[in-house]
Amino acid sequence: MTRSVKIAPSILSADFARLAEEVRAVEKGGADLIHLDVMDGHFVPNLTMGPLVVRALRPHTALPLDVHLMIENPGRYVDAFADAGADYITVQAEACVHLHRVVQAIRARGVRAGVALNPATPLHALDEILPDLDLVLVMSVNPGFGGQSFIPGALDKLRRLRSRLEARGLTHVEVEVDGGVKLNNVREVHRAGGEILVSGSGIFRTPNPAETIRAMKAACAFEAVA
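What counts, and at which threshold
Residues numbered from 1 in each chain as written. Predicted model: local features only at pLDDT ≥ 70, side-chain atom pairs only at ≥ 80, totals over all residues. Heavy atoms only, no water. Helix = DSSP H or I, 4+ residues; strand = E, 2+ residues; numbered from the N terminus. Expected span 1.5 Å × (residues − 1). Buried < 20%, exposed > 50% of the residue type's maximum accessible area, 1.4 Å probe, protein only. Arc of directions from axis to C-beta. Contact = heavy atoms within 4.5 Å. Pairing = 2+ DSSP bridges. Axes fitted to C-alpha atoms, helices over the stretch in contact; angles between N-to-C directions. Right-handed = clockwise from strand over helix to strand, strands pointing away. Core = buried A, V, L, I, M, F, W, Y, C linked by side-chain atoms within 4.5 Å. Salt bridge = Lys/Arg side-chain N within 4 Å of Asp/Glu carboxyl O.

> Where do I start with helix H5 (residues 153–167) in this structure?
Residues three or four positions apart in an α-helix share a direction because the helix packs 3.6 residues into each turn. End to end, H5 covers 22 Å across 15 residues, agreeing with the expected 21 Å (1.5 Å per residue, within 8%). When H5 is considered as a whole, its buried residues turn out to be Ala 154, Leu 155, Lys 157, Leu 158, Leu 161, Arg 162 and Leu 165. Taken down its axis, H5 places every buried residue within 160° of arc, on the same side. The inward-facing, buried residues of H5 contact strand S5 (112–117), strand S6 (135–139), strand S7 (174–178) and helix H6 (186–192). Just beyond H5, the residue with positive phi is Gly 169, at close to 70°.

Quick look at the structure:
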């Protein structure tokens, strides 16, 4: 089955002094979502942005805002990010004691609900929650910092996830990949089952981010017909 691809630039690697301009540039290049990595310095060893950044960015783009909460007790902040304008809220499976409750809280706000898995977290951690999800995010680096190298084992994990979703008739669940995704591997990541490809330094730290997005989509389109 031919799958479309969506490119989600991660603003973690953008120039925050020119954030609105950076986002408009990738939007013109064909970006499909804007990815926001929220880190609390506890679940991961880094501290980034909160709901105020989402709220500030919302008026500057019509693209969906894809918020990834790499934080402890994410259920406490669902309302804040939904109010700020998030279109997707993804939480880490490892950070949720009551994962089903958090997913239901996200969906109750009319926001698409996703769950992310760290590289060492097995797929079966999602067996009971898959039917309630809109998105599964496969981390292809250990979360916390941008610019890391892609973990090759994520490719097999993507293939196995895609097989599970198809076997259970859950083809509406989107598969997202985040970590080390760049122009030189997008075709392989897409082939393995990735539909939403998150890229930070692989886009914003290239000479022409808009052209990089177009090249990424061309590479995946070539794969779809190859």
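That was the structure; now back to the text.
> Can you walk me through the sheet that holds strand S1 (residues 6–9) in this structure?
Either a parallel or an antiparallel arrangement is found when strands of a sheet pair, and the pairing is made through backbone hydrogen bonds. With respect to topology, 8 strands assemble into an open sheet ordered S1-S8-S7-S6-S5-S4-S3-S2, the strand pairing being parallel. Two strands bound the open sheet, and with one partner strand each, they are S1 and strand S2 (34–39). Sheet twist, expressed as the average angle between the axes of neighbouring strands with direction ignored, equals 25°.

> Quick question: what am I supposed to make of the pairing of strand S8 (residues 196–199) here?
Across a regular strand the side chains alternate sides, sitting on one face of the sheet and then on the other. Across the two faces of S8 the burial is the same, with Ile 196 and Val 198 and Leu 197 and Ser 199 all buried. Examined bridge by bridge, S1 and S8 share 4 bridges and lie parallel to one another. From the neighbouring strand, Ala 8 faces S8, where its bridge partner is Val 198. In the sheet, S7 pairs with S8 via 3 bridges, with the strands oriented parallel. Opposite Asp 178, over in S8, you have Val 198 as the bridge partner. Regarding the hand of the β-α-β motif, the stretch spanning S7, H6 and S8 is right-handed.

> Can you help me understand helix H1 (residues 19–28) in this one?
If you check which residues of H1 are buried, you get Leu 19, Ala 20, Glu 22, Val 23 and Val 26. The buried side chains of H1 occupy one side of the element, clustering within an arc of 160° when seen end-on. Downstream of H1 by a residue or two, Gly 30 has a phi angle that is positive, lying close to 105°.

> In this structure, what is going on with the nonpolar core? I would like to understand it.
Most often, soluble globular proteins have nonpolar side chains that are buried together. The biggest cluster of nonpolar side chains holds 64 residues, and the ones touching the most others in it are Ile 11, Ile 34, Leu 36, Ile 89, Val 91, Leu 99 and Leu 197. Setting aside its immediate chain neighbours within four residues, Ile 11 contacts Phe 16, Leu 19, Val 23, Ile 34, His 35, Leu 36, Met 49, Val 53, Leu 57 and Phe 204. Counting 10 residues, the second largest nonpolar core, distinct from the first, contains Ala 116, Leu 135, Leu 137 and Ile 196.

> Looking at this structure, I do not really get the pattern of salt bridges. What am I missing?
When the charged atoms of two side chains lie near each other, side chains of opposite charge can form a pair. Tallied over the entire structure, the rule returns 13 salt bridges. What you see here is one network of salt bridges that share partners, running through Asp 15, Arg 18, Glu 21 and Glu 22.

> What am I meant to see in unusual backbone geometry here?
For residues that are not glycine, phi is negative in most cases, and the peptide bond is trans in most cases. Not every positive phi belongs to a glycine, and Asn 73 is a case in point at roughly 50°. Inspection of the secondary structure puts Asn 73 in the loop between strand S3 (65–70) and helix H3 (78–84).

> Looking at this structure, I do not really get the side chain of Asn 185. What am I missing?
By the element assignment, Asn 185 lies in the loop between S7 and H6. The contact partners of Asn 185, leaving out residues within four places of it in the chain, are Phe 150 and Gly 180.

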